[in-house]
Amino acid sequence: MTNMNRYFLHLHECGTVVEDAEGLECASLAEARQLAVASARDVMIGELREGRLCLDCHIVITDGSATELARVPFRDAVVVRGR
Amino acid sequence: MDTHISMISDVSPFRQLVAKLRRLAPIDEADEAAVLALPHRVGRARARDYLIREGSKPHECCALIDGYAARSKLGVNGGRQIVSFHIPGDILDIQHLFLERADHNVQVISDATLVWVPMAAMRALATQRPTIGTAFWRDALIDASIFREWVLNVGRRDAKTRIAHMLCEFIVRRAAAGLGTAEQTQLPFSQEEIGDATGLTSVHVNRMLRELAEAGLIVRKGRSLEIVDWDGFRRAAGFDAAYLHLAA
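Here's a quick rundown of the structure. Just so we're clear, the structure is a prediction, and the values are computed from it rather than from any experiment.

The next thing to look at is the overall build of chain A. Within chain A, the regular secondary structure consists of two helices and five strands. Seen in sequence order, chain A has helices and strands lined up from the N terminus as β-β-β-α-β-β-α. Over its C-alpha atoms, taken along the principal directions, chain A stretches across nearly 45 × 25 × 20 Å. Across the 83 residues of chain A, 39% fall into the buried class. Contacts spanning at least 24 positions in sequence make up 45% of the contacts within chain A whose residues lie at least 6 apart.

Structure follows, in structure tokens:
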């Protein structure tokens, strides 16, 4: 059976932080990072539907002791073409 | 529909189910007695336990005594879509009375107690007691109405409205079952479960719950979530309970 760990995905957007108090169980940091990429895209979809988009936001992944393990910028979660 | 005084004791495993059947159809004392006489076993489940797996052939029908459950389906990529939530009194697999193979999963989302009844006995109850058969029919039809609303919810509402609507439905259904008013409700869902029910990631859910909290509609304490302004919350959800047909 895979050993699951709890990772916390905190959303940093335009000066505010949406703290993740619950976390998600993932088999590895790589899986948590995949979830963070999917989450960034999901949040961006919501923003685009409102007619706006900020690529400077990012998601910080921490463990249970609040140690930062990785950072996923929105800009890196999508391929942007055009000017 | 409340035409007689129930003789059911508070500890009967069928108490919640009978209460639900009485909301669905004018069952009489003989109907209640027939429910109480059903062969059964009472079982417990831990949060996240599967009760029914897609593809299985259930031989027993189960109803929730306490705790909460969800029906779900899995995509080929492993993503889970929750298609309904269930509260005490709900029969979780009434479709298996007449459909042999499970087409979705049923999972408890909290520790739960259930009453299991052999499928043949439940089927006989539905055919031998016409008013109970009517209650089962209405239950299945209201289920279908709820699924239609969920398609609208996931397909056409924005993230915040979608989450608020899903939570409103749960609160109204709990209240209809006599399980507490909106302001007394502590919602049992994780962000992940709300996300799986609304087609959103838990990060997006967290962000929307924060907006609802900042608007003074809900209060969040750790994992628990409480409604503090029910009228405002309903308005934010655009919630109209007509599709629940009063009995759900």
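Taken as a class, soluble globular proteins show a tendency for nonpolar side chains to be buried jointly. If you look at the biggest cluster of nonpolar residues, it comprises 63 residues, and the most contacted ones within it are Phe85, Met122, Phe136 and Phe233 of chain B. In terms of residue count, the dominant contributor to this core is helix α5 (residues 159-176) of chain B (nine residues). Two domains each put at least three residues into this core: domain 1 (15-141) and domain 2 (157-244) of chain B. If we skip the residues at most four places from it in the chain, Phe233 of chain B touches Ala164, Leu167, Cys168, Leu212, Leu217, Ile218 and Ile227 of chain B. Residues Cys26, Ala36, Ala40 and Val43 of chain A belong to the second largest nonpolar core, which totals 20 residues.

Let us now look at the sheet that holds strand β5 (residues 80-86) of chain B. Residues and elements named next belong to chain B. Spatial ordering of the open sheet is given by β2-β6-β4-β5, a layout of four strands whose pairing is antiparallel. Since the sheet does not close on itself, it has two edges, and those belong to β2 (50-52) and β5, each with one partner. Across the sheet, the axes of successive neighbouring strands diverge by a mean angle of 35°, strand direction being ignored. The pairing of strand β4 (residues 69-74) with strand β6 (residues 105-108) spans four bridges and is antiparallel. The partner of Ala70 across the bridge, within β6, is Gln107. Each of β4 and β5 touches helix α4 (residues 130-156); the most contacted strand, β5, lies at about 135° to it.

The next subject is the sheet that holds strand β10 (residues 224-227) of chain B. Residues and elements named next belong to chain B. Read from one edge of the open sheet, three strands run β8-β10-β9, paired in antiparallel fashion. In the strand order of this sheet, the two ends are held by β8 (186-187) and β9 (218-221), each with one partner. Two strands pair when backbone bridges link them, and β8 and β10 are joined in this way by two bridges, in the antiparallel orientation. What sits directly across from Leu187, in β10, is Leu225. Packing against the sheet, helix α7 (residues 202-214) makes contact with β9 and β10, and its axis sits at approximately 125° to β9.

Criteria and thresholds
- Residues numbered from 1 in each chain as written.
- Chains lettered and ligands numbered in written order.
- Predicted model: local features only at pLDDT ≥ 70, side-chain atom pairs only at ≥ 80, totals over all residues.
- Heavy atoms only, no water.
- Helix = DSSP H or I, 4+ residues; strand = E, 2+ residues; numbered from the N terminus.
- Buried < 20%, exposed > 50% of the residue type's maximum accessible area, 1.4 Å probe, protein only.
- Contact = heavy atoms within 4.5 Å.
- Core = buried A, V, L, I, M, F, W, Y, C linked by side-chain atoms within 4.5 Å.
- Domains from an automatic or database assignment.
- Pairing = 2+ DSSP bridges.
- Axes fitted to C-alpha atoms, helices over the stretch in contact; angles between N-to-C directions.

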